[in-house]
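Residue strings, one per chain:
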Amino acid sequence: MNELLARKMNPKTLGDVVGQKHLIGKNKVLSNLVKNGKIFSMILYGPPGVGKTSIATAMVNDLGCRYRFLNATINNKKDFDAVVEEAKMLDGLVLIMDEIHRLNKDKQDLLLPQLESGLITLIGMTTSNPFHSINPAIRSRCQLYELKPLSVEDIVEALNRAISSDALPKIKIDKESIDYIANISGSDLRYAYNLLEVAYYSTNDKKIDMEILKKINNKPAYFSDRDGDGHYDLLSAFQKSIRGSDVDASLHYLGRLIEFGDLDSIYRRMSVICYEDIGLANPNMGPRVMAAISASELVGLPEARIPLGEIVIELALSPKSNTAITAIDKALEDIENGNIGPIPDVIKINTTTYKYPHDFPGSFVVQQYMPDNLLDRHYYIPKEAGYEINLKQVYDKIERLKKRK
């Protein structure tokens, strides 16, 4: 089979890598390592198609290192054993490992002593956050470098290199089409290369235009992996935009989740937002969100976008309060730390001194409910926001009555 364009365009040296200017370039850390002829175990993490493999292979090429490439998912323990034996024979080896977050315990146990001794230098690559997904023993032996999403300008630069090379002979493509590929690639250079190559071989005259490109693919390749950090980053952006009352950003991220078809995550996250971020400032949002979810389930996509869009606008523009989550978390913190104390006798089951609040004016009477050691503890601190203003008035009145006793 013919080699794919993405493979043909792999950088041979670190200087050929597109983007990642925070790591590569004059006086940048990875460039300085190569300049000084030294390499350490490291983990490169970031979205797909931003240059993790390119940087790893370029570094070992620049340094003239002997290396092997393994995938933590595909390669078995025998493959890892073979790399260790080869490293012993060569007195050292660089192991470039993809999907390092999927490294199982047997392979970890095999590699750890070799990393410790320096026999193997590891360059791990992953789309997952290494602080969450990679074994701490492996992580502590590696430097961590985050790769950023490529800009549209980075993608355009790389596409122009491919067009100017001999990889796609006699190709004809205008600037509008190059910009279109770069814009829909979602910072994934591999995706951009693949789309360019498919378009090239989809024509009779090797001439690529917008009509050809839109027939092949007219949807963005934004990164949103259900099982990876990209998906959770998207949900985080959705919630934080609503929390920040930015209605346009909220709708943007809702649109991306809808395009991904992930209605269940939208439903769950909106339900959390009701009680975490809107809270007591607008307690009616809970039932309203449930009604919007029911309507969305009833009509399905694409019509579900209508009730979802409406409720997200309302969530974003609603008054906000986080007092409920803050209050319960403070209470739980006391309990987890053993700061509880005996229940006051007055509210135990077999008590004769309990005062029934409904027998008193306003259904309220001052008596002790908190354990003795927590009498001065306040978990709920009301805000003056929306409906919570009313709750604060009641709260303040009760506190004044307690102090009079």
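Thresholds, definitions, all that
- Residues numbered from 1 in each chain as written.
- Predicted model: local features only at pLDDT ≥ 70, side-chain atom pairs only at ≥ 80, totals over all residues.
- Heavy atoms only, no water.
- Salt bridge = Lys/Arg side-chain N within 4 Å of Asp/Glu carboxyl O.
- Helix = DSSP H or I, 4+ residues; strand = E, 2+ residues; numbered from the N terminus.
- Phe/Tyr/Trp six-rings, centres within 6.5 Å; stacked < 30°, edge-to-face > 60°.
- Buried < 20%, exposed > 50% of the residue type's maximum accessible area, 1.4 Å probe, protein only.
- Contact = heavy atoms within 4.5 Å.
- pLDDT = per-residue confidence, 0-100.
- Pairing = 2+ DSSP bridges.
- Right-handed = clockwise from strand over helix to strand, strands pointing away.
- Polar contact = N/O pair within 3.5 Å; in protein donor to acceptor, adjacent residues only side chain to side chain.
- Axes fitted to C-alpha atoms, helices over the stretch in contact; angles between N-to-C directions.
- Parallel < 35°, antiparallel > 145°, perpendicular 65-115°, else oblique.
- Left-handed = near helix turned anticlockwise from the far one by under 90°.

### A closer look at the pattern of salt bridges
Counted according to the given criterion, the structure contains 17 salt bridges. Between Glu157 and Arg161 there is a salt bridge whose closest N-O contact spans 2.8 Å. Pair noted here: Glu157 and Arg161 are both in helix 8 (residues 152–164), with a separation of four residues, about one helical turn. Look at the salt bridges and you will find they share partners, linking Arg243, Glu276 and Asp277 into a network.

### So, the packing of aromatic side chains
Taken as a whole and assessed by the stated rule, the structure comprises two aromatic pairs. Ring centres 4.8 Å apart and planes at 85° place the aromatic pair Tyr200 and Tyr201 in the edge-to-face group. Given the relative accessible area of 52%, Tyr201 is considered exposed. Both rings, one in Tyr380 and one in Tyr395, keep their centres 5.5 Å apart while their planes meet at 85°; by these two values the pair is edge-to-face. Of the two residues, Tyr380 sits in the loop between helix 17 (323–336) and helix 18 (388–404) while Tyr395 sits in helix 18, which places them 15 residues apart along the sequence. This pair shows no difference in class: Tyr380 is buried, exactly as Tyr395 is.

### So, helix 9 (residues 175–184)
Residues of helix 9 that are buried include every one of Ser177, Ile178, Tyr180, Ile181, Ala182 and Ile184, and no others. Lining the buried residues of helix 9 we find helix 8, strand 6 (172–173), helix 10 (189–201), strand 7 (207–208) and helix 11 (210–216). Backbone geometry just after helix 9 places Gly186 at a positive phi near 60°.

### Notes on the confidence of the model for the protein chain
Detailed reading of the predicted coordinates is not advisable wherever pLDDT is low. Per-residue confidence for the protein chain gives a mean pLDDT of 88; residues scoring 70 or more make up 96%. The secondary structure element of the protein chain with the lowest average pLDDT is helix 6 (residues 130–133), at 76, and the one with the highest is helix 16 (residues 305–317), at 95.

### Remarks on the pairing of strand 3 (residues 93–98)
Among the six residues of strand 3, five are classified as buried, and the element is accordingly described as predominantly covered. In this sheet, strand 3 lies alongside strand 2 (residues 67–71) in parallel orientation, the contact comprising five bridges. Each bridged residue has a counterpart across the sheet, and for Tyr67 the counterpart in strand 3 is Val94. The handedness of the strand 2 to strand 3 crossover, carried by helix 4 (residues 77–90), is right-handed. Both strand 3 and strand 4 (residues 120–126) contribute to a ladder of six bridges, which runs parallel. In the strand pairing of strand 4, Met97 is matched with Gly124. Chirality of the crossover, the property in question, places the unit of strand 3, helix 5 (residues 105–117) and strand 4 among those that are right-handed.

### Comments concerning the side chain of Gln367
Position of Gln367 relative to the elements: it lies in the loop between helix 17 and helix 18. For Gln367, a relative accessible area of 10% gives the class buried. At 2.8 Å, the side chain of Gln367 forms a polar contact with the backbone oxygen of Lys355.

### Digging into the sheet that holds strand 3
In spatial order, the strands read 2-3-4-1-5; together these five strands make up an open sheet with parallel pairing. A single partner strand is all that each edge strand has here, and the edge strands are strand 2 and strand 5 (143–146). On average, each strand axis in the sheet is inclined to that of its neighbour by 20°, with strand direction left out of account. Across the sheet, helix 3 (residues 52–63) is in contact with strand 1 (42–45), strand 2, strand 3 and strand 4; its angle to strand 4 comes to roughly 160°. This element, helix 5, spans strand 3 and strand 4 of the sheet and lies at about 125° to strand 4.

### Thoughts on the packing of helix 14 (residues 263–278) against helix 16
Relative to each other, helix 14 and helix 16 sit at 20°, their axes nearing to 11 Å. Between helix 14 and helix 16, the angle falls in the class roughly parallel. In this structure, helix 14 crosses over helix 16, and the sense of that crossing is left-handed. In contact with Leu263, Ile266, Tyr267, Met270, Ile273, Cys274 and Ile278 of helix 14, helix 16 contributes Leu308, Ile311, Val312 and Leu315.

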